[in-house]
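# Analysis of the macromolecular model
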Amino acid sequence: MTDDSRAPSAPYDPGNIFARILRGEIPAHKVYEDEATLAFMDVMPQGEGHTLVIPKAPARGLLDADPASLAALIATVQRVARAVKTAFAADGLTIFQYNEPAGGQTVFHLHVHIVPRREGVMLKRHEGGMADPVMLADHAARIRAALDSTGG
Ligand code: 5GP
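Anyway, here's the lowdown on the structure attached to this text. (Residues numbered from 1 in each chain as written. Predicted model: local features only at pLDDT ≥ 70, side-chain atom pairs only at ≥ 80, totals over all residues. Heavy atoms only, no water.)

## Some points on the overall build of the chain
- Scanning the chain from N- to C-terminus turns up three helices and five strands.
- Reading the chain from its N end, one meets helices and strands in the order α-β-β-β-α-β-β-α.
- Radius of gyration (C-alpha) of the chain: 15 Å, near the 15 Å computed for a compact globule of 152 residues.
- Taken over the C-alpha atoms alone, the chain extends approximately 50 × 30 × 30 Å along its principal axes.
- Looking at the chain as a whole, 38% of its 152 residues qualify as buried.
- When contacts within the chain are restricted to residue pairs at least 6 apart in sequence, those whose partners lie at least 24 apart make up 64%.
- Surface accessibility of the chain: about 8300 Å² in total, with carbon and sulfur atoms responsible for 57%.
- Taking the average location of the 15 positive side-chain charges in the chain and that of its 18 negative ones, the two points are 4 Å from each other. (Helix = DSSP H or I, 4+ residues; strand = E, 2+ residues; numbered from the N terminus. Rg over C-alpha atoms; globule rule 2.2 N^0.38 Å. Buried < 20%, exposed > 50% of the residue type's maximum accessible area, 1.4 Å probe, protein only. Contact = heavy atoms within 4.5 Å. Areas by Shrake-Rupley, 256 points an atom, 1.4 Å probe, with all protein chains shown as cover. Lys, Arg positive; Asp, Glu negative; His and termini not counted. Charge placed at Lys NZ, Arg CZ, Asp CG, Glu CD.)

Below, the structure written as structure tokens:
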């Protein structure tokens with residue numbers, strides 16, 4: 001019996017938007033980068049400070065990713081989540097990750113969402129609308145400052 005649980009429903013497409021950000025072909029409001037991961041602002045935030053963390057190694061989703069890449073990814077998620085919480089004085093954080101269209105995924109390079117939350121404030125709709133780039137630049141600067149101040 002073959003185990004197809006790791007197989008993505010389609011091959012990894014290097015033309016996806018996050019691969020293009022990694023190659024520097026399109027801009028992003030970056031907050032953190034190391035040899036294995038990159039974090040940047042979501043252009044259609046579901047809440048103020050919505051940040052994405054991606055591995056540099058190509059993977060379509062969680063199931064086809066290399067475990068070493070996942071280890072680096074989750075370490076960066078924790079690091080950036082702490083800074084996001086500080087930068088936005090958040091009461092909590094919602095952290096989520098979608099796989100395949102049926103799971104809600106729209107960009108097919110593995111990514112983790114970090115959204116700072118305030119008591120009583122609902123999340124906005126997924127991919128609801130483009131944010132003001134000046135605001136995104138300001139939010140990215142706030143998160144970078146929080147990373148610097150915590151030694152993150
Ligand atoms: P998914 O549904 O795949 O988990 O989420 C993809 C996310 O990527 C969405 O929240 C969407 O707003 C965001 N996104 C889509 N295109 C771009 C882009 O060109 N730049 C950035 N920074 N985020 C994007």
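## Let's talk about the site of the ligand
- By nearness alone, 18 residues border the ligand, and D42, T106, H111, H113 and H126 come closest of all.
- D42 places a polar side-chain atom, nitrogen or oxygen, 2.4 Å from an oxygen atom of the ligand.
- Here an oxygen atom of the ligand and a backbone polar atom of V107 are 2.9 Å apart.
- Burial of the ligand by the surrounding chains reaches 92%, relative to a free accessible area of 520 Å².
- Broken down by secondary-structure element, the contributors of at least two residues to the shell around the ligand are α1 (17-22) and β2 (37-41).
- By residue number, the principal contributor to the shell around the ligand is α1, which donates three residues.
- Residue composition of the shell around the ligand, by class: ten nonpolar, six polar and two charged. (Near = heavy atom within 4 Å. Polar contact = N/O pair within 3.5 Å; in protein donor to acceptor, adjacent residues only side chain to side chain. Nonpolar A, V, L, I, M, F, W, Y, C, P; charged D, E, K, R; others polar.)

## Some details on the packing of helix α2 (residues 67-87) against helix α3 (residues 133-149)
- Interhelical geometry of α2 versus α3 gives an angle of 110 degrees and a closest axis separation of 8 Å. The orientation of α2 with respect to α3, classified from their angle, is roughly perpendicular. Classified by chirality, the crossing of α3 by α2 is right-handed. For the pair formed by α2 and α3, the contact residues are R79, A83, V84, T86 and A87 on the first element and R142, I143, A146 and L147 on the second.
- A class-by-class count of the residues in the contact of α2 with α3 yields six nonpolar, one polar and two charged. (Axes fitted to C-alpha atoms, helices over the stretch in contact; angles between N-to-C directions. Parallel < 35°, antiparallel > 145°, perpendicular 65-115°, else oblique. Left-handed = near helix turned anticlockwise from the far one by under 90°.)

## Quick look at α3
- For α3, spanning 17 residues, the distance from its first C-alpha to its last is 24 Å, which sits close to the expected 24 Å at 1.5 Å a residue.
- Looking at α3, one finds that the buried residues are L136, H139, A140, I143, A146 and L147. What you see down the axis of α3 is that its buried residues fit within an arc of 120 degrees, all on one side. Exposed residues on α3 whose side chains face more than 90 degrees from its buried face are V134, D148 and S149.
- The inward-facing, buried residues of α3 abut β1 (30-33), β2, β3 (51-55) and α2.
- Here α3 starts with a cap whose side-chain oxygen sits 3.0 Å from the backbone nitrogen of V134, and that cap is D132. (Expected span 1.5 Å × (residues − 1). Arc of directions from axis to C-beta.)

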